[in-house]
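What follows is each chain in one-letter form.
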Amino acid sequence: MVQVPRRAGFSGSTLVRLLARLTDIDVADSKRSFADRLSQWLGWTDAITLSSVLNGEVSNAPLRLRNPLAASSTEEAECARVRAVLVTAINGDLAPSRNAATGTTTDFAPYRRRYIARQQAMETNIAGLRRRVRVALASKSPAMVQLAALDAVMERALAVHEQRLLATVPGLLEKYFKRLAHGEPEAWRDAFVKDMQSVLLAELEIRLQPVEGLLEALRET
């Protein structure tokens, strides 16, 4: 079974390193600061909302829905469950040489459909998990209400950009797939599937990072 990559910062993430290795793309470190790069992704309405949250202008009423005494362990368990479900789907759905629906040797379309299906599953499951952890976090204190509201604002503001960037991954894998199909020995397909699994698992870790951050805050309350 492919091992889940450990967490890393986005700029030096396992996902970026894997894609750079598989596609021979030279990924240079950005010279711009994090704040400068983030400002390019935030619209003026997002900036206003973010400023309001940072200034403490947030209502805690919609978030105080759970018993704070039971929140931490429950959310930890749910995160572990969601992760396990998604990892199992990735490892099982792309098992090498055992699925008859792989198409012809040089047909990438079935793999694209599978990758997109896994992305959609991650997006749906992790979005629900993230909301749940925010609610649990906001039941702790006014400061945690503010943190939960900040995460909600950032999720809304960055969602489109995240989806746009991650939507390019199947296309990068297709280039790698075609290179292997036309220049590698007979066992290239299994090698490709294993690499595709690794990329999916690395993407899963990227998508889970905001949830992990909220859980860390929840543990410390």
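Keep in mind that what you see is a predicted model, and the values were worked out from it rather than measured.

A.B. asks: Is there a simple way to explain the overall build of the protein in this structure?
C.D. replies: Helix and strand counts for the protein come out as eight helices and zero strands. Seen in sequence order, the protein has helices and strands lined up from the N terminus as α-α-α-α-α-α-α-α. Counting over 221 residues, the protein shows a buried share of 43%. Pairs at least 24 residues apart make up 84% of the contacts formed inside the protein by residues separated by at least 6 positions. By element, 55% of the accessible surface of the protein is carried by carbon and sulfur atoms, the whole surface being about 12,100 Å².

A.B. asks: Looking at this structure, how should I read the confidence of the model for the protein?
C.D. replies: Should the pLDDT be low somewhere, the predicted coordinates at that spot are not to be read in detail. Of the residues in the protein, 70% reach a pLDDT of 70 or more, and the chain-wide mean stands at 80. Here residues 61–66 is a poorly scored stretch, pLDDT under 50, and it has 16 contacts once near neighbours within four places are set aside; other chains count. In this model residues 97–103 is a low-confidence stretch, pLDDT under 50, and it forms 12 contacts with partners more than four residues away in sequence or in other chains.

A.B. asks: Is there a simple way to think about helix α7 (residues 169–183) in this case?
C.D. replies: Note that an α-helix has 3.6 residues per turn; residues three or four places apart therefore point the same way. When the terminal C-alpha atoms of α7 are compared, their 22 Å separation across 15 residues agrees well with the 21 Å that a helix rising 1.5 Å per residue should span. Looking at the buried residues of α7, the elements they touch are α1 (14–23), α5 (109–138), α6 (142–166) and α8 (188–219).

A.B. asks: Honestly, the environment of A136 in this entry has me stumped. Any pointers?
C.D. replies: Locating A136 in the fold gives a position in helix α5. For the pair A136 and L214, spaced 78 residues apart in sequence, the C-alpha to C-alpha distance is 9.6 Å.

A.B. asks: Explain the packing of α1 against α7 to me, please; I cannot follow it from the model alone.
C.D. replies: To characterise two packed helices, one gives the angle between the axes of the helices and the distance between these axes. Running from N to C, α1 and α7 cross one another at 35 degrees; their axes reach a closest spacing of 9 Å. Handedness of the crossing formed by α1 with α7: left-handed. Residues L19, L22 and T23 of α1 form the contact with α7, whose participating residues are V169, L172, L173, Y176 and R179. Broken down by class, the residue content of the contact of α1 with α7 amounts to six nonpolar, one polar and one charged.

Parameters at a glance
Just so you know, the residues in each chain are numbered from 1, in the order the chain's sequence is written. With pLDDT at 70 or above as the cut-off, local features in this predicted model cover only qualifying residues; side-chain atom pairs require 80 or more to be listed or tallied, and sums for whole chains, interfaces and linings still use all residues. Computation of side-chain values covers all heavy atoms of the structure but excludes hydrogens and water. To qualify as a helix, a DSSP run of H or I must reach at least 4 residues; to qualify as a strand, a run of E must reach at least 2; elements of each kind are numbered from the N terminus. Note on exposure labels: buried denotes an accessible area under 20% of the residue type's maximum, exposed denotes more than 50%, and partly exposed covers the range between, all computed with a 1.4 Å probe on protein chains only. In this analysis, two residues are considered to be in contact whenever any of their non-hydrogen atoms come within 4.5 Å of each other. All accessible-area figures derive from a Shrake-Rupley calculation using a 1.4 Å probe, and residue coverage is judged against the displayed protein chains alone. The predictor attaches a confidence to each residue, called pLDDT, with possible values from 0 through 100. In a helix, the anticipated span is given by 1.5 Å times the number of residues less one. Axis geometry follows a simple rule: fit a line to the C-alpha atoms, using only the stretch in contact for helices, then measure angles between N-to-C directions, giving values from 0 to 180 degrees. It is the rotation of the near helix from the far one that decides the hand of a crossing: anticlockwise by less than a right angle makes it left-handed, clockwise makes it right-handed. Each residue is assigned to one class: nonpolar for Ala, Val, Leu, Ile, Met, Phe, Trp, Tyr, Cys and Pro, charged for Asp, Glu, Lys and Arg, and polar for all the others, Gly among them.

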